[in-house]
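Descriptive structure summary
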Amino acid sequence: DTAVSQTPKYLVTQMGNDKSIKCEQNLGHDTMYWYKQDSKKFLKIMFSYNNKELIINETVPNRFSPKSPDKAHLNLHINSLELGDSAVYFCASTPGNSYEQYFGPGTRLTVT
Amino acid sequence: QKEVEQDPGPLSVPEGAIVSLNCTYSNSAFQYFMWYRQYSRKGPELLMYTYSSGNKEDGRFTAQVDKSSKYISLFIRDSQPSDSATYLCAMRLDSWGKLQFGAGTQVVVTP
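Keep in mind that what you see is a predicted model, and the values were worked out from it rather than measured. Within every chain, residues take consecutive numbers counted from 1 along the sequence as written. Chain letters start at A and ligand numbers start at 1, both assigned in the order the entries are written. This being a predicted model, a pLDDT of at least 70 is required before a residue's local features are given, and a value of 80 or more before pairs of side-chain atoms are given or counted; all residues contribute to the totals for chains, interfaces and linings. Working from all heavy atoms in the structure, the side-chain values ignore hydrogens and water.

Some thoughts on the sheet that holds strand β8 (residues 73–78) of chain A
Residues and elements named next belong to chain A. To keep things clear, this is the line we draw: DSSP calls a pair of strands paired once it identifies at least 2 bridges connecting them. Numbering goes from the N terminus for both helices and strands, where a helix is a DSSP run of H or I of at least four residues and a strand is a run of E of at least two. The convention used is that axes are lines fitted to C-alpha atoms, helices contributing only their stretch in contact, and that angles between N-to-C directions extend from 0 to 180 degrees.
On the basis of which strands lie adjacent, the open sheet formed by four strands has the order β1-β3-β8-β7 and antiparallel pairing. The two strands at the open ends of the sheet, each matched to only one other strand, are β1 (4–7) and β7 (64–70). If you compare each strand with its neighbour and ignore which way they point, the axes differ by 20 degrees on average. Strand direction decides the pairing type here: β1 and strand β3 (residues 19–25), joined by four bridges, are antiparallel. Residue pairing in the sheet places Q6 in a bridge with C23 of β3.

Quick look at the structure:
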């Protein structure tokens, strides 16, 4: 059983489009995250939700909007996509204040 | 200057050698230190976790934290081709804080 799953795995789209990435975890964790990993492998946190409440909101363009419909899901919607948005986006989850974060397989976004 | 510095490599070693990885950081308030392993086209997975200073050993892996020097290390003994991956250090201020990652070091273990 997949612990943290993301859809789609690959996403190729044109500049200016709007797209969404979905994340689901079946671990019963309270906290979920979105990370962006650029071409140099640098992993940077974007958002974090705890029990559907936004707790971390890094300096991210407001074209990016996270949504948590329930504790097990965290989606990321991106408006007006730009070339610089091309990256791998990872979802992660963690129980309570545990140090260990469980990562999903990533969504490779390519903006042309 | 980034809060966490890590040499991106690649670091190439023959099978059986010791792999030595390290990160330096600037924020002395970091208390929780982790090493994640990321295989190509996969998500990172937690390898080692250390709270505050000291050493921790788990099988072939040893993590060291030297808070006075703001320096953490990961050693892999008897390296195997299956250890070929990118290793990312990560740290946080407290149990609720965000993780600050290093850039990751690509390790290649050749048979």
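So, the pattern of salt bridges
Residue and element names in this part refer to chain B. For clarity, the cut-off: In the sections that follow, a salt bridge refers to a side-chain nitrogen of Lys or Arg positioned within 4 Å of a carboxyl oxygen of Asp or Glu. Think of it in three bands: residues with accessible area under 20% of the maximum for their type are buried, residues over 50% are exposed, and the middle band is partly exposed, with areas taken using a 1.4 Å probe on protein chains only.
Within the structure shown, the criterion is met by seven salt bridges over all chains. In this structure, R37 and E45 form a salt bridge, with 3.2 Å as the shortest nitrogen-oxygen distance. With relative accessibility at 33%, the residue E45 sits in the partly exposed group. We note a salt bridge from R77 to E57, for which the minimum N-O separation is 3.5 Å.

Some points on the state of the cysteines
Put simply, the rule is: For this text, the term disulfide refers to a pair of cysteine sulfurs within 2.5 Å.
Taken as a whole and assessed by the stated rule, the structure comprises two disulfides over all chains. Across the disulfide, C23(A) is cross-linked to C91(A) (sulfur-sulfur distance 1.9 Å). Residues C23(A) and C91(A) are joined by a disulfide whose S-S torsion is about -75 degrees; by sign, that bridge is left-handed. Here C91(A) lies in strand β9 (residues 87–94) and C23(A) lies in strand β3, a separation of 68 residues in the sequence. For the pair shown, C23(A) and C91(A) are each scored as buried. Covalent S-S linkage joins C23(B) and C89(B), the inter-sulfur distance amounting to 2.0 Å. On the S-S bond that ties C23(B) to C89(B), the torsion sits near -100 degrees, and the link is left-handed. Here the residue C23(B) occupies a position in strand β3 (residues 19–25), and C89(B) occupies one in strand β9 (residues 85–92), the gap between them amounting to 66 residues. By relative accessible area, C23(B) is classed as buried at 0%.

Remarks on the environment of N51(A)
Residues and elements named next belong to chain A. Condition: Any two residues having at least one pair of non-hydrogen atoms within 4.5 Å are treated as being in contact.
By the secondary structure assignment, N51 is in the loop between β5 (43–50) and β6 (53–57). Sequence separation between N51 and F64 is 13 residues; the distance between their C-alpha atoms is 20 Å. Residues in contact with N51, not counting those within four places in the same chain, are D30 and K71.

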